[in-house]
Amino acid sequence: MFRVYLLACCLLLGLITTAHAQRKGDLFIRNGTVLTVTNGTLENTDILIRNGKIAAIGQNLKVPDGVEVIDATGMYVMPGIIDAHSHIAISNVNEATNPVTAEVSVGDVLDPYDIRLYRALAGGVTISHVMHGSANVIGGQNETIKHRYGETDPDALRMEGAPRTIKFALGENPTRVHGRGHNVPPLSRMGVEFIIRDAFHKARRYMEAWDRYEQERKRNPRAVPPPYNERLEVLADILRGNILIHCHSYRADEILMLMRVLKDFGIQRVVFQHANEAFKVAPELAAFGAMASVFSDWWAYKFEVYYSTAYNAAILTRNGVITSINSDSPELNRHLYHEAAKTMKYGGLTEDEALALITINPARQLGIEDRVGSIEVGKDADLAIFSAHPLSIYAVCKKTIVDGIVRFDADRDPDDMRLRVDPERPVELAIRWGDHQHGHRCLEGIDLIEFLTETLQSEWQ
Amino acid sequence: MKRLLLLWIIGWLLSLPAAQATDVPKARRGVFALTNARIVTVTQGVIERGTLIIREDRIVAIGTDVEIPPEAEVIDCTGLEIYPGFIDSGTHLGLIEIGSLPETRDYRELGDLTPQVDALTAVNPNSVLIPVNRVNGVTTVITEPEGGLLPGKAALINLFGYTPEQMHVGGVRLMVLDFPSKGRRGPWDRRKPEDIEKAFREAMDKLNEVWDRAERYARIDSAYRANPEKNPKPLYVPEMQPLLPVIRGEMPLMIKVDLAPDILEAIQWVKKRGLKRVVFSGVAEGWRVADKIAEAGIPCLVGPVLSLPTRESDRYDKAYANAGLLHAAGVKIAIRTGEAENVRNLPYHAGFAAAYGLGREAALRAVTINPAEIFGVDDLIGSLEVGKKANLFVSDGDPFEPKTQVRYVFIDGYLIPMDNRQLRLYQEFLHRQPGLELHPATH
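1. Remarks on helix H9 (residues 318-328) of chain B
Residue and element names in this part refer to chain B. Most of H9 sits out of view: 8 of its 11 residues are buried. Listing the buried residues of H9 in full gives Lys318, Ala319, Tyr320, Ala321, Asn322, Ala323, Gly324 and Leu326. Looking at the buried side of H9, the elements it contacts are helix H8 (290-296), strand S12 (300-302), strand S13 (333-335) and helix H10 (346-358). Gly330, located one to two residues past H9, shows a positive phi value of around 100 degrees.

2. Describing the packing of aromatic side chains
Scanning the model with the defined rule gives 29 aromatic pairs over all chains in all. Where Phe168 of chain A meets Phe200 of chain A, the ring centres are 6.1 Å apart and the plane angle is 35 degrees; that geometry is what we call tilted. Of the two residues, Phe168 of chain A sits in strand S10 (residues 164-169) while Phe200 of chain A sits in helix H4 (residues 189-219), which places them 32 residues apart along the sequence. There is no split in this pair, since Phe168 of chain A and Phe200 of chain A are both buried. What links up through ring pairs into an aromatic cluster is the set Tyr337 and Phe386 of chain A together with Tyr320, Phe352 and Tyr356 of chain B. Here Arg420 of chain A stacks its cationic end above the ring of Tyr113 of chain A, 3.9 Å away from the centre of that ring. It is Lys318 of chain B that lies over the ring of Trp287 of chain B; its NZ or CZ is 4.7 Å from the centre.

3. A look at the pairing of strand S9 (residues 168-178) of chain B
The two faces of the sheet receive side chains in turn, since in a regular strand these alternate between them. Residue and element names in this part refer to chain B. Both strand S8 (residues 152-158) and S9 contribute to a ladder of 5 bridges, which runs antiparallel. Bridge pairing links Ala155 to Arg173 in S9. As paired strands, S9 and strand S10 (residues 253-257) are joined by 4 bridges and run parallel to one another. Among the inter-strand pairings, Asp178 is bridged to a residue of S10, identified as Lys256.

4. Focus on helix H9 (residues 336-345) of chain A
Burial analysis of H9 of chain A places 10 of its 10 residues in the buried class, the great majority of the element. Close packing links the buried residues of H9 of chain A with strand S6 (81-86), helix H8 (312-318), strand S14 (323-325), helix H10 (351-356) and strand S15 (383-386) of chain A together with H10 of chain B. Just beyond H9 of chain A, the residue with positive phi is Gly347 of chain A, at close to 115 degrees.

5. As for the interface of chain A and chain B
Each side of the interface is counted separately: chain A has 72 residues, and chain B has 78 residues. Of the roughly 7,200 Å² buried between chain A and chain B, counting both surfaces, carbon and sulfur atoms make up 53%. Together, Trp299, Lys345 and Arg432 of chain A form the three largest contributors to the area buried by chain A at its contact with chain B, with a combined 12%. The interface formed by chain A and chain B includes 6 salt bridges. Asp178 of chain B is the salt-bridge partner of Arg432 of chain A, the closest N and O atoms lying 3.1 Å from each other. For the pair chain A and chain B, the number of links is 37 residue pairs in polar contact (both at pLDDT 80 or more). Secondary structure elements with two or more residues in the side of chain A that touches chain B: helix H2 (115-121), helix H7 (282-288), H8, H9 and helix H12 (447-456) of chain A. The biggest single contributor to the side of chain A that touches chain B is H9 of chain A, with 6 residues. For the side of chain A that touches chain B, the class distribution of residues is 36 nonpolar, 15 polar and 21 charged.

6. Topic: the environment of Ile267 of chain A
Residues and elements named next belong to chain A. Within the secondary structure, Ile267 is located in the loop between helix H6 (252-264) and strand S12 (270-274). In the structure, Ile267 is positioned 226 residues away from Thr41 in sequence and 37 Å away in space, judged by C-alpha atoms. With near-sequence residues (within four places) excluded, Ile267 lies in contact with Phe200, Ile238, Leu239, Ile245, Leu262 and Phe288.

7. With respect to the pattern of salt bridges
Residue and element names in this part refer to chain A. Evaluation of the coordinates by the stated rule reveals 75 salt bridges over all chains. Its salt-bridge partner being Asp264, residue Arg197 comes within 2.9 Å of it at the nearest N-O pair. Here the residue Arg197 occupies a position in helix H4, and Asp264 occupies one in helix H6, the gap between them amounting to 67 residues. Taking the relative accessible area as the measure of exposure, Asp264 reaches 47% and is therefore partly exposed.

8. Side note on the side chain of Ser392 of chain A
On the secondary structure map, Ser392 of chain A appears in the loop between S15 and strand S16 (397-402). For Ser392 of chain A, the side chain forms a polar contact with the main-chain nitrogen of Tyr394 of chain A, separated by 3.1 Å.

9. Overview of the sheet that holds S12 of chain B
Residue and element names in this part refer to chain B. Spatially, S6-S7-S8-S9-S10-S11-S12-S13 is the arrangement adopted by the 8 strands of the open sheet, whose pairing is mixed. On the outer flanks of this sheet lie strand S6 (86-91) and S13, each paired with one strand and no other. Adjacent strand axes in the sheet meet at a mean angle of 25 degrees, parallel and antiparallel pairs treated alike. Sitting on the sheet, helix H7 (residues 260-273) touches S9, S10 and strand S11 (278-282), and the angle it makes with S10 is about 155 degrees.

10. Brief notes about the packing of H4 of chain A against H6 of chain A
Between two packed helices, both the angle of their axes relative to each other and the distance between the axes serve to describe the pair. All names here are of chain A. Put simply, H4 and H6 touch, their axes get as near as 11 Å, and they point 15 degrees apart. Looking at the two axes, H4 sits roughly parallel to H6. Crossing of H4 over H6 shows right-handed handedness. Contacts from Arg189, Val192, Glu193, Ile196, Arg197, Phe200 and Arg204 in H4 reach Asp253, Glu254, Met257, Leu258, Arg260, Val261, Leu262 and Asp264 in H6.

11. A word on the sheet that holds S12 of chain A
All names here are of chain A. What the 6 strands build is an open sheet, ordered S8-S10-S11-S12-S13-S14; its pairing is mixed. Strands with a single pairing partner mark the edges of an open sheet, and in this sheet they are strand S8 (138-141) and S14. Strand-to-strand twist in this sheet, taken as the mean axis angle between neighbours without regard to direction, amounts to 25 degrees. Contacts from helix H5 (residues 230-239) reach S8, S10 and strand S11 (243-249), with the element oriented near 100 degrees to S10.

12. As for the environment of Val40 of chain B
Along the chain, Val40 of chain B turns up in strand S1 (residues 31-40). Once residues within four sequence positions are removed from consideration, Val40 of chain B is found in contact with Gly45, Val46, Ile82, Tyr83, Pro84, Leu364 and Leu384 of chain B.

13. Some remarks on unusual backbone geometry
Apart from glycine, the bulk of residues carry a negative phi angle, and the bulk of peptide bonds sit in the trans form. In this model, Gly303 of chain B is joined to Pro304 of chain B through a cis peptide bond whose omega is 5 degrees. Assignment of secondary structure puts Pro304 of chain B in the loop between S12 and H9. With an omega dihedral of -5 degrees, the bond running from Gln433 of chain B to Pro434 of chain B counts as a cis peptide bond. At Asp403 of chain A, a residue that is not glycine, the phi angle is positive and equals roughly 50 degrees. Counting through the fold element by element, Asp403 of chain A comes out in the loop between S16 and strand S17 (405-409).

How each quantity is defined
Residues numbered from 1 in each chain as written. Chains lettered and ligands numbered in written order. Predicted model: local features only at pLDDT ≥ 70, side-chain atom pairs only at ≥ 80, totals over all residues. Heavy atoms only, no water. Buried < 20%, exposed > 50% of the residue type's maximum accessible area, 1.4 Å probe, protein only. Helix = DSSP H or I, 4+ residues; strand = E, 2+ residues; numbered from the N terminus. Contact = heavy atoms within 4.5 Å. Phe/Tyr/Trp six-rings, centres within 6.5 Å; stacked < 30°, edge-to-face > 60°. Lys NZ or Arg CZ within 6 Å of the ring centre and 35° of its normal. Pairing = 2+ DSSP bridges. Buried area = accessible area lost by both parts, 1.4 Å probe. Salt bridge = Lys/Arg side-chain N within 4 Å of Asp/Glu carboxyl O. Polar contact = N/O pair within 3.5 Å; in protein donor to acceptor, adjacent residues only side chain to side chain. Nonpolar A, V, L, I, M, F, W, Y, C, P; charged D, E, K, R; others polar. Axes fitted to C-alpha atoms, helices over the stretch in contact; angles between N-to-C directions. Parallel < 35°, antiparallel > 145°, perpendicular 65-115°, else oblique. Left-handed = near helix turned anticlockwise from the far one by under 90°.

Pasting the structure below:
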């Protein structure tokens, strides 16, 4: 009964929070070159947006009364870019206290004031998959957010209806944090497998206990329920297929390992994040139906990425694996269009294939492809307008639109776009980034790492 | 018959190493004629459908009316473009192999004062990172130590050679000074502003104390050299000796400095110390004080361009626009990536600077002739001119565009194999054999 009550509460809360995010706009984008991603390139084409959705696409459309017009003559309109791996707009990244922390969620620590949301918009990015860090084998739950910068309610960032996802992590990070850092398993890739299997076995027993209880309750109203356990609840939801796994991974062996484990537990959907060696097992990934979200060219920053190649995304794509290019960095995040463009060099992907890597493919990986990721009638009006083809180095993002609302406009962009300025704070000090700014943030919040970063200013990924 | 078999076996064994040797692609020199190319000389305009002749290490002819030597190997460059090899003005290339493994990191020595250490000493000519980077057209880099106040000497190296000395270009070394900073070291740096200010003052005091000593050391050394009979020979002091050429203006001082207040302090400090050969490196907030830098006449190695603004309140594109704003103010700029494994992205750092205000021509100069001039090797590299070293590449389009492919790279006259581990992994794994089927041996 308690669970039902809890569920009802959650649903009610959900309704309230989605109500916050309902602000949607009307717009008319005139005469742009429209890169639909799923339906080719349309020249001299208009897009009509009503109530945050794409209402019409075509030539010489009629502008309804009172709808603001954006003249996109000579410019390129593409779907809003989706970053499948990010840590922006949250105030904590890791709950690094246990190899399994499925019960926590970064959705609880959303920060709508984060300037990085705005900077992402300025790079045409409209959606981020905000992830827990990679300190734990089974980390926390992630949140898919829309970059509704300007809203001050954390809940307004949530992409209502996006499927639940959770972060797993294999290899050097969890073994370093737990095995080497705290002397608890896992210390090796063998231990990582054992931690996951152990967690799933416990979750399965937990599910069975609750199933038995539900059966017994039909006969015996005084039946005693098993103890409620939030961690096992979440793990059970993974087994039920209600939560998608996004797994930090680098090496081919650990990628194969997780697929074997998931097969044993009947879990079908998984996205391998980073996956620098996914190219080595591309046929296995394709056969499993697993997806991969990778860097365009990052490598050599740690040993498990020494045998990487910038041709990863192209090899995966040619082998039929749904692939995306992500950032895991507030710096790369600002030019994902450029990161995707590199796949034309490294492996000769076509323009449409390169664009898919940062639009419809990440949408598929997050389970939101019916809503976003391409320019189609009925989809959310999340769009980016560029001065030149976005895969050209000379392209500058001019406007970024979320739900039909212009959230970034290069021509009306004052110097300071902070939402909250603290009058108590002393004069703003600059950050001297040096050369080590774009270490990705998967391990942010780990004391060991911050200590090392401070003393060595080393690149820790 | 037996003897015949034996001979055959011996012959087969002897032929083995030779056969294997031919499988390894090697760089080679000779006489090359690159014909029908669009030649972007940088200093002498663009030549359409021109020919460029390379003999040994030099460019010996460029033009539309060039006679092709009979012994030349002709490379038809119809539809292709030739550019001078790009120069990255600040990297760790060769000094590091794997970022997180201290055993493979050689760009930092213990202690605040280690000007005696020399980056060239630790350059690994066979680093896997080097071939991955040079096939994008970056032929030459500054590789630099970091950490502490005076971390050591940076060196200008070509990305080809079997010893550091073979890679060293024009004998160029720069003394690195990591200038004290009034900024935060990163978002994790939660020090109070007073503490930051105090740390800055202490670091400045230390710098001044070191420099006073160095100047004194130089006076003693000069006096001794002028009259070795009368004056005492200065004691060898490991952290003073290497500063002599800097004090005397024989070796440039590369000042790593990023933030506006630090840049202003550095300009004052350079003036006070009477230093003539100074370059700034990093210069993230150069745009805030561009006119002051221009006035001081100090060239800047700007970058990384692909980076975040230094302050939350700054416009999102300031890091991209910085190089253009400095150039517009009259500062001589070169571009640096600050990278090791991804020096190959130098053309994109330049391209972003170009798109955000620098313009394509100035961006091209910032990765070719400008750094050559700043490092005093413009008689050797940085443009396509007769008599210069054959450091160049051939591409199928604008090298700043991501989709452009680089076809040929020449470094010091060597035609470089366009091979590297990343490409080999691609070739092996694009269509894996076996694919999903199990190998028969496992049954």
